[in-house]
Amino acid sequence: MTVNEVVAAVCRRAPMVHCLTATVSMSLVADGLLAAGLRPMMTETLEEAPVVVTAADALLVNLGTLSTDGMMGIPATVAARPEGIPWVLDPTAIGLAPVRTRMAREFLDAAPDVVKGNASEILALVGGPGGRGADAADAPEHAVDAAIEVACRTGGVVVVSGPTDVVVTAKGVAARIVRGYPMMVRVTGTGCLLGALTAGCLVAADDSVEAAVAAVTWFDVAGEVAAARAGGPGSFRVQLLDALDEVSRTGIEETR
C-alpha cells in the first residue's frame, strides 16, 4: 500500500486507539487523533485500562510521565491486550529514570509491532544512558545498530525519530524520511501524537513497515503545512490539528 492508500484506509475505518500516554500530552494526542479521523480513548488505571483495551483497535504505550497508576495499569493492559490488536511502544525519556527504563526493556518481550523513539531512547533500550529527559543527545543514524537489535528482539519495526526519521527492521534500514519542520519539537506531545497515529495506521496497513512509513509521512507533511501558516509554537499547535484534518481529506504529495 502507498502512503495515501494507508491514510485513506485509516480514515475509512476510524480505528479506536487506546492511548496510555503522558498526561502532559493527552490533550494534543486526543485532539490530533480526532482531527486525523481516528478515535482516542485514554485510561491507565489498573481497575479499568485492562478492560477498556479489549474494545480498542490498537494500543499506544507511552512512558512519558509515568504515574503510580501507570506503573500498575500499563503492564496489566499490555498483558490484557487481545490477540491481534497491534501496539506501539514509545519509551519516552528512558535512560536515567529507573522504573520506566526497566519497564520499557521488559516490554520488548511482549513484541510491540512498532517501537518509536528518538535516537537516545532507542540506544537506552539496549543499555545506553539515554538523553536529557525527552531530549535526544544522539543523531538517528547513530542508533541504527541499536534499532536493528531491538527489531530482532521484538520481531517488529523500530522508528528512530529526528531530523531524518529512520524506519528499521531486523534486516536493516527499510526507509528514511526527510520531511517535517523544526518547530514540531517545540510543542509538547508531538512525538506522543506520532506514536498514536502509528498505532492507528497499524490497523489499516498491510504490514508494520507500511504503517510506520505512512504515519511518519502523514505527520511530517501535516507539520510542514502547519508551519507554513503558523507564527510561532502556539499557533503551530492549532494549525497542526487543522493540517492533520486537511491531509487526511486531500491526501499526501509523496514526492517533493
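Residues numbered from 1 in each chain as written. Predicted model: local features only at pLDDT ≥ 70, side-chain atom pairs only at ≥ 80, totals over all residues. Heavy atoms only, no water.

Asker: I would appreciate a short explanation of the overall build of the protein in the present structure.
Answerer: Broken down by element type, the protein carries 10 helices and eight strands. Expected size for 256 residues packed as a compact globule is a radius of gyration near 18 Å; at 16 Å, the protein falls within 12% of this value. Once the C-alpha set of the protein is aligned to its principal axes, its extents read approximately 40 × 40 × 35 Å. Residues classed as buried in the protein amount to 57% of the 256 residues present. Working note: accessible area of the protein is about 10400 Å², and carbon and sulfur atoms make up 53% of it. (Helix = DSSP H or I, 4+ residues; strand = E, 2+ residues; numbered from the N terminus. Rg over C-alpha atoms; globule rule 2.2 N^0.38 Å. Buried < 20%, exposed > 50% of the residue type's maximum accessible area, 1.4 Å probe, protein only. Areas by Shrake-Rupley, 256 points an atom, 1.4 Å probe, with all protein chains shown as cover.)

Asker: Got a minute to help me understand the UniProt feature "binding site: substrate" (unreviewed entry) in the protein in this structure?
Answerer: Mapped onto this numbering, the UniProt entry annotates "binding site: substrate" (unreviewed entry) at Met42 and Gly189. Among the annotated residues just listed, those that line the largest pocket are Gly189. Note on placement: Met42 falls in the loop between strand S2 (39-41) and helix H3 (49-52). Examined against the element boundaries, Gly189 turns out to sit in the loop between strand S8 (172-177) and helix H8 (190-204). With a relative accessible area of 9%, Gly189 lands in the buried category. When sequence neighbours within four positions are dropped, the list of residues in contact with Gly189 reads Ser25, Leu28 and Val29. (UniProt positions renumbered as here; feature names shortened; annotations may be inferred. 1 Å grid on protein atoms, 1.4 Å probe; cavity = no way out; pocket = protein on both sides within 12 Å on 5 of 7 lines; lining within 4 Å. Contact = heavy atoms within 4.5 Å.)

Asker: Explain the nonpolar core to me, please; I cannot follow it from the model alone.
Answerer: What tends to happen in soluble globular proteins is that the nonpolar side chains get buried as a cluster. Core analysis: the biggest nonpolar cluster contains 56 residues, and Trp218, Phe236 and Leu244 have the highest contact counts within it. Broken down by element, this core gets its largest block of residues, 12 residues, from helix H9 (residues 208-229). Excluding residues within four positions of it along the chain, Phe236 makes contact with Met183, Met184, Val187, Gly223, Ala226, Ala227 and Ala230. (Core = buried A, V, L, I, M, F, W, Y, C linked by side-chain atoms within 4.5 Å.)

Asker: It is not clear to me how the sheet that holds strand S4 (residues 87-90) should be interpreted in this structure. Could you clarify?
Answerer: Sheet strands associate in pairs through backbone hydrogen bonding, adopting either a parallel or an antiparallel arrangement. The strand order S2-S1-S3-S4-S5-S6-S7-S8 describes an open sheet built from eight strands, whose pairing is mixed. A single partner strand is all that each edge strand has here, and the edge strands are S2 and S8. Strand after strand, the sheet turns through a mean of 20° between neighbouring axes, direction not considered. Relative to strand S6 (residues 157-161), strand S5 (residues 114-118) is paired through five bridges, and the arrangement is parallel. (Pairing = 2+ DSSP bridges. Axes fitted to C-alpha atoms, helices over the stretch in contact; angles between N-to-C directions.)

Asker: Looking at this structure, how should I read the UniProt feature "binding site: ATP" (unreviewed entry) in the protein?
Answerer: According to UniProt, the positions carrying the feature "binding site: ATP" (unreviewed entry) are Lys116 and Ser161. A maximum C-alpha distance of 7.2 Å is found for the annotated residues, which run over 46 residues; spatially they form one tight group. Taken from the residues named earlier, the lining of the largest pocket is made up of Lys116 and Ser161. Here Lys116 falls in the buried class, since its relative accessible area comes to 4%. The residues touching Lys116, leaving out its near neighbours within four places in the chain, are Leu89, Asp90, Pro91, Val159, Ser161, Gly191, Leu194 and Gly195. Structurally, Ser161 is set in strand S6.

Asker: Sorry if this is basic, but what is going on with the state of the cysteines here?
Answerer: Think of a disulfide as a covalent bridge from one cysteine sulfur atom to another cysteine sulfur atom. Under the defined criterion, the tally for this structure stands at zero disulfides. Free cysteine: Cys11, not disulfide-bonded; nearest cysteine sulfur from Cys201 at 8.9 Å. Given a relative accessible area of 0%, Cys201 falls into the buried group. (Disulfide = S-S within 2.5 Å.)

Asker: Please explain the layout of surface pockets as it appears in this structure.
Answerer: In this approach the atoms are scanned with a rolling probe the size of a water molecule, which exposes any empty space left behind. Its boundaries defined by the atoms lining it, the largest pocket holds a volume of some 920 Å³. When residues of the lining of the largest pocket are traced back to their parent elements, those giving at least two are S5, H8 and H9. The element contributing the most residues to the lining of the largest pocket is H8, with four residues. In the lining of the largest pocket, the residues fall into 15 nonpolar, 14 polar and nine charged. (Points joined across faces, edges and corners; volume = space filled by probe spheres on them. Nonpolar A, V, L, I, M, F, W, Y, C, P; charged D, E, K, R; others polar.)

Asker: Explanation requested: unusual backbone geometry in the structure shown.
Answerer: Excluding glycine, a negative phi dihedral is what most residues carry, and trans is how most peptide bonds are arranged. Even without glycine at this site, Ala14 takes up a positive phi of about 45°. Along the chain, the position of Ala14 falls in the loop between helix H1 (3-13) and strand S1 (16-20). Despite not being glycine, Ala111 has its phi angle at roughly 55°, a positive value. On the secondary structure map, Ala111 appears in the loop between helix H5 (98-107) and S5.

Asker: Please clarify how H5 should be interpreted in this entry.
Answerer: Given 3.6 residues per turn, any residue in an α-helix points the same way as the ones three and four places further on. Buried within H5 are the following residues: Arg100, Thr101, Met103, Ala104 and Phe107. What you see down the axis of H5 is that its buried residues fit within an arc of 165°, all on one side. Residues of H5 that are buried in the fold lie against strand S3 (58-62), helix H4 (68-80), S4 and helix H6 (119-125). (Arc of directions from axis to C-beta.)

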